[in-house]
Amino acid sequence: MKIWLDGGLRETDAARISVFDHGLTVGDGIFETVKTVDGKPFALTRHLDRLTRSARGLGLPDPDHDEVRRACAAVLNADPVPLGRLRITYTGGLGPLGSDRGEAGPTLLVALGESGRRPDSTAVITVPWTRNERGALAGLKTTSYAENVVALARARELGASEALFANTVGQLCEGTGSNVFVVLDGEIHTPPLASGCLAGITRALTVEWTGAHESDLPLDVLERADEVFLTSSLRDVQAVHRVDDRQLPGAPGPVTAKAMRLFDEHAGADLDP
């Protein structure tokens, strides 16, 4: 496997960043996870646009899209896989051992890992911790991911693949690495961006292709929703068959199954929608 680091391809064991990189010392960085199909990235333009939005939200210089595209192409050409996870990481670069940034400029890292197709349905849990919809990092895809690590570990302990958060006012928000949708009386709803959730690429495409509504939803909507599903770059659209102790038999239900089909059809017709 080859990794792109600061201007060129490197062997895995030669790709090293400084122990003083701000992405390591204080989590001062952003990232994107891009699905790749037969060596080609899916929705790369949307991912790069969000990378820029996250950079601006964090106060980092705008990433050079041409450079990132070259890096992605080089990594994919070096090690094409049928289904992959392409990780773009962009950090504050070398800095002091504190929150102040240095002057060296950002670090760009692109790596690829092979992935497998997800199951059609999964189990999720809710967790007692909240997303802060008014926080400085709300809606940004940053490398400050520790609370997601903790929540996902809790989910794994309970036989689930994802943990769902409410925000500080008790509204359904998002998962550790996914957006959440519910079906109520045949209609699809998902929390609005004002809830503090990430503006997921797959979320946006699912809203566009299914006509889903962005709605303020209490966390307990999960106790009465007819169907629940998740979206993310590697999940695409994935049904939920259990929320905490509540079983949703027959998942994927008819509305979710249609959403899955629509997503597959549209995504198959255009790799950069």
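Residues numbered from 1 in each chain as written. Predicted model: local features only at pLDDT ≥ 70, side-chain atom pairs only at ≥ 80, totals over all residues. Heavy atoms only, no water.

Engineer: Is there a simple way to explain the nonpolar core in this structure?
Structural biologist: Taken as a class, soluble globular proteins show a tendency for nonpolar side chains to be buried jointly. Counting 23 residues, the largest nonpolar core has Trp4, Cys72, Leu86, Ile88, Leu108 and Val110 as the members making the most contacts within it. Secondary structure elements with two or more residues in this core: strand E3 (29–37), helix H2 (44–58), helix H3 (65–78), strand E5 (83–91) and strand E6 (107–114). Tallying contributions element by element places H3 first for this core, with 6 residues. In this structure, Phe181, Ile188, Ile201 and Ala259 belong to the second largest nonpolar core, which totals 17 residues. (Core = buried A, V, L, I, M, F, W, Y, C linked by side-chain atoms within 4.5 Å. Buried < 20%, exposed > 50% of the residue type's maximum accessible area, 1.4 Å probe, protein only. Helix = DSSP H or I, 4+ residues; strand = E, 2+ residues; numbered from the N terminus.)

Engineer: Sorry, what's going on with the sheet that holds strand E2 (residues 8–11) here?
Structural biologist: Strand pairs in the sheet, formed through backbone hydrogen bonds, run parallel or antiparallel to each other. Strand order across the open sheet formed by 6 strands is E2-E1-E6-E5-E3-E4, with antiparallel pairing between neighbours. Taken across any chain shown, the strands that pair with only one partner, and hence form the sheet edges, are E2 and strand E4 (40–41). Summarising the sheet, strand E1 (residues 2–5) and E2 pair through 4 bridges and their orientation is antiparallel. What sits directly across from Ile3, in E2, is Arg10. In the packing of H2 onto the sheet, contacts are made with E3, E4 and E5, and the angle to E3 comes to roughly 175 degrees. (Pairing = 2+ DSSP bridges. Contact = heavy atoms within 4.5 Å. Axes fitted to C-alpha atoms, helices over the stretch in contact; angles between N-to-C directions.)

Engineer: Would you explain the pattern of salt bridges in this entry?
Structural biologist: Between side chains of opposite charge, a pair can form as their charged atoms come close. Enumeration over the complete set of coordinates arrives at 11 salt bridges. With its nearest N and O atoms 3.0 Å apart, the salt bridge here joins Lys35 to Asp236. Taken together, the residues span a long stretch of sequence, with Lys35 in strand E3 and Asp236 in strand E14 (residues 236–243) at a distance of 201 residues. Overall, the relative accessible area of 9% leaves Asp236 in the buried class. Here Glu214 and Arg203 are joined by a salt bridge, their closest N and O atoms 2.4 Å apart. (Salt bridge = Lys/Arg side-chain N within 4 Å of Asp/Glu carboxyl O.)

Engineer: Please explain the environment of Leu140 as it appears in this structure.
Structural biologist: Turning to its location among the elements, Leu140 is positioned in the loop between strand E7 (121–131) and helix H4 (146–157). Since its relative accessible area comes to 18%, Leu140 is described here as buried. Placed 109 residues apart in sequence, Leu140 and Phe31 show a C-alpha to C-alpha distance of 9.4 Å. Those residues in contact with Leu140, other than ones at most four positions away along the chain, are Arg53, Ser54, Gly57, Leu58 and Leu198.

Engineer: Would you mind going over unusual backbone geometry with me for this structure?
Structural biologist: Peptide bonds are, in most cases, trans, and in most cases residues other than glycine have a negative phi. Following Ala251, the chain continues into Pro252 via a peptide bond in cis, with omega recorded as 0 degrees. Mapped onto the fold, Pro252 is located in the loop between strand E15 (246–247) and helix H6 (254–269). Although it is not a glycine, Asp6 sits at a positive phi angle of roughly 45 degrees. With respect to the helices and strands, Asp6 occurs in the loop between E1 and E2. Its identity is not glycine, yet Asp244 carries a phi of approximately 55 degrees, on the positive side. Within the secondary structure, Asp244 is located in the loop between E14 and E15. You can call Asp244 partly exposed: its relative accessible area is 27%.

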